[in-house]
Amino acid sequence: MATPFEDLPFVDSAEDLLDTAFSSAARAAESNSGVDSQRAQTQRAANSLSGSLENLVSGFPSFTHLDPPYDELADAVVDVDEVRRVLGRVDGVSSQIQSVAAETQRELADADSSQEAVDSRKRAFARFDSIVSELETDLQLLAEAREALIAIPEVSDDPTVALAGAPNVGKSTILREMTAADPDVDTYSFTTQNLVVGHLDVDTPGERLQIVETPGLLDRDTEERNRMERQSLIALEQVADVVFWIYDASESCGYTMETQRRLRSDVVPPELPVLEVANKADLEFQRDVDFDVEISAEDEEDVSRLEKEIRSRLQPEAVERLPDE
Ligand SMILES: Nc1nc2c(ncn2[C@@H]2O[C@H](COP(=O)(O)OP(=O)(O)OP(=O)(O)O)[C@@H](O)[C@H]2O)c(=O)[nH]1
Ligand SMILES: [Mg+2]
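Analysis parameters
Residues numbered from 1 in each chain as written. Chains lettered and ligands numbered in written order. Predicted model: local features only at pLDDT ≥ 70, side-chain atom pairs only at ≥ 80, totals over all residues. Heavy atoms only, no water. Helix = DSSP H or I, 4+ residues; strand = E, 2+ residues; numbered from the N terminus. Buried < 20%, exposed > 50% of the residue type's maximum accessible area, 1.4 Å probe, protein only. Contact = heavy atoms within 4.5 Å. Areas by Shrake-Rupley, 256 points an atom, 1.4 Å probe, with all protein chains shown as cover. Lys, Arg positive; Asp, Glu negative; His and termini not counted. Charge placed at Lys NZ, Arg CZ, Asp CG, Glu CD. Pairing = 2+ DSSP bridges. Axes fitted to C-alpha atoms, helices over the stretch in contact; angles between N-to-C directions. Core = buried A, V, L, I, M, F, W, Y, C linked by side-chain atoms within 4.5 Å. Domains from an automatic or database assignment. Salt bridge = Lys/Arg side-chain N within 4 Å of Asp/Glu carboxyl O. Donors = N, O, S within 2.8 Å, 3.2 Å for Na, K, Ca; no water. Buried area = accessible area lost by both parts, 1.4 Å probe. Polar contact = N/O pair within 3.5 Å; in protein donor to acceptor, adjacent residues only side chain to side chain.

*Asks:* Explain the overall build of the chain to me, and be specific about the residues and the numbers.
*Replies:* Along the backbone of the chain there are eleven helices and six strands. Projecting the C-alpha coordinates of the chain onto the three principal axes gives extents of approximately 95 × 40 × 30 Å. A buried classification covers 49% of the 325 residues belonging to the chain. The long-range share in the chain, meaning contacts at least 24 apart out of those at least 6 apart in sequence, stands at 69%. When the accessible area of the chain is evaluated, it comes to approximately 16100 Å², of which 43% is carbon and sulfur surface. Where the 29 positive side-chain charges of the chain centre and where its 70 negative ones centre are 5 Å apart.

Spelled out as structure tokens, the structure:
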């Protein structure tokens, strides 16, 4: 199943919409003359503008009927109420354009001279220009909302492990090593800005296991969380069956073990099973703490050990069938 945002329409700028509409009108002028030409130009420009604006509005999903977790994820990445208000205004402008066109057609029907007709059409164009130009900020907001919504990945209800933890602890490195997913890996925090989904195949045809990398979380109050962290909390609360909490016990991520531990107890829902994974075991490391698994994400064997942990937690019956190594 695709996300509800995959086919969001591209959002043109006001200037591009006007350019397209006026070029279309100019083509209508070539095949008509006199008052007819003014009528055709007015209608072409109006239809182009109102058509584009209507397509934009109808291309956004109804935010009141989104399935979980997409409803909350949408709320996490955009101000849904604001987007709906803007879509309402865009819809209003589309109707307004058609009213101006209808009014102009009535004037043109009564025009006594070609000059009067030309003046009337020019006045209509000037009004189109000003009405649509006033939408520029709204269109920019929709363009940004589209970018944010389209980045929400497809999340299935397959058995799911969430890779979660502070920023920079190696979550993306693990996901890349284990699946075909291709998140960026870098030395700074919040390299991953959206949920990233990878899969593991299982024996049963049509079934697979889902691994969701959640953007890094900081040790702070819920109200202060950014849109990356808000997505992580939704994945933990609504998508994950099991959490692999990734620690960087070398603290080279920039967050102390104390912070990483406190964070874990603050954000992981208490009913979820958790595996405590210490990553970066190749670096110097606080060994006074007990972890369930210690790995280096850059070591193939370690990663396949972790993969086996995932399989055994998400699909224990399949793992029992595997031959012993
Ligand atoms: N030495 C060492 N470095 C690692 C290991 N795993 C990851 N790194 C490095 O740690 C840094 C962060 O890795 P990422 O995989 O981007 O970490 P992340 O948790 O996805 O980071 P955010 O998406 O920003 O939250 C990168 O420079 C990685 O190369 C490891 O096992 N050992
Ligand atoms: Mg990452």
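Alright, that's what it looks like, and here's the rest.
*Asks:* Run through the sheet that holds strand β1 (residues 160–164), naming residues and quoting values.
*Replies:* Strand order in the open sheet made by the six strands is β2-β3-β1-β4-β5-β6, with mixed pairing throughout. Two strands in the sheet have a free side with no partner beyond their single neighbour: β2 (196–201) and β6 (293–294). The pairing of strand β5 (residues 274–279) with β6 spans two bridges and is parallel. Looking across to β6, one finds that Val277 is bridged to Val293. This element, helix α7 (residues 171–178), spans β1, β2, β3 (208–213) and β4 (242–248) of the sheet and lies at about 155 degrees to β3. Sheet strands in contact with helix α9 (residues 257–267) are β4 and β5, and its direction is about 165 degrees off that of β4.

*Asks:* How would you summarise the nonpolar core if you had to cite specific residues and measurements?
*Replies:* The biggest cluster of nonpolar side chains holds 50 residues, and the ones touching the most others in it are Phe5, Phe60, Phe63, Phe128, Leu142 and Leu149. Only α1 (14–30), α2 (34–59), α3 (70–77), α4 (80–109), α5 (114–133), α6 (136–150) and α8 (227–239) provide two or more residues apiece to this core. Looking at this core, the element that brings in the most residues is α4, giving nine residues. Of the domains in this structure, domain 1 (14–150) and domain 2 (160–321) are the two that each give at least three residues to this core.

*Asks:* An account of the pairing of β2 is needed here, citing residue identities and associated values.
*Replies:* Relative to β3, β2 runs antiparallel, the two sharing six bridges. Looking at β3, one finds that Gly198 is bridged to Ile211. Counted between consecutive antiparallel strands, the loop separating β2 from β3 contains six residues, among which Gly206 sits at a positive phi close to 80 degrees.

*Asks:* Could you give an account of unusual backbone geometry, naming the residues involved and the relevant values?
*Replies:* Cis geometry is found at the peptide bond from Pro68 to Pro69, where omega equals 5 degrees. Checked against the element boundaries, Pro69 lands in the loop between α2 and α3. One non-glycine residue, Asn168, lies in positive phi territory at about 75 degrees. Note that Asn168 resides in the loop between β1 and α7. Residues other than glycine seldom take positive phi values, yet Phe190 does so here, at roughly 60 degrees. Within the fold, Phe190 resides in the loop between α7 and β2.

*Asks:* I'd love a proper account of the pattern of salt bridges, names of residues and values included.
*Replies:* All told, the structure shown has 15 salt bridges when counted by the stated rule. A salt bridge links Glu147 to Arg146, with the shortest nitrogen-to-oxygen separation between them at 3.6 Å. Residues Arg176 and Asp182 are paired through a salt bridge, measuring 3.0 Å at the closest nitrogen-oxygen approach. By sharing partners, the salt bridges in this structure join Asp219, Glu258 and Arg262 into a single network.

*Asks:* Account for the coordination of the magnesium ion (ligand 2), naming residues and giving values.
*Replies:* Six octahedral donors at a metal ideally form angles of 90 or 180 degrees, and four tetrahedral donors ideally form angles of 109.5 degrees. Those protein atoms acting as donors to the magnesium ion (ligand 2) are Ser172 (OG), Thr192 (OG1) and Glu213 (OE), and they sit at 2.0 to 2.2 Å. Donor residues for the magnesium ion (ligand 2) sit on one chain with the sequence pattern S-x19-T-x20-E. With a gap of 21 residues between them, Thr192 in the loop between α7 and β2 and Glu213 in strand β3 connect regions that are remote in the sequence. The two residues Thr192 and Glu213 agree in class, both being buried.

*Asks:* Requested: an account of the domain arrangement of the chain, with residues and values cited.
*Replies:* When the parts come together, some accessible area is lost, and that loss is often what is quoted as the size of the interface. By domain assignment, the chain separates into domain 1 (14–150) and domain 2 (160–321). Computed from C-alpha coordinates alone, the two centres of domain 1 and domain 2 are separated by 46 Å. Each side of the interface is counted separately: domain 1 has seven residues, and domain 2 has seven residues. For the domain 1 and domain 2 pair, buried surface summed over both sides reaches about 690 Å², with 61% attributable to carbon and sulfur atoms. Here domain 1 and domain 2 share zero salt bridges between them. Run the count over domain 1 and domain 2 and you get two residue pairs in polar contact (both at pLDDT 80 or more). Ranked by residues supplied to the side of domain 1 that touches domain 2, first place goes to α3 with four residues.

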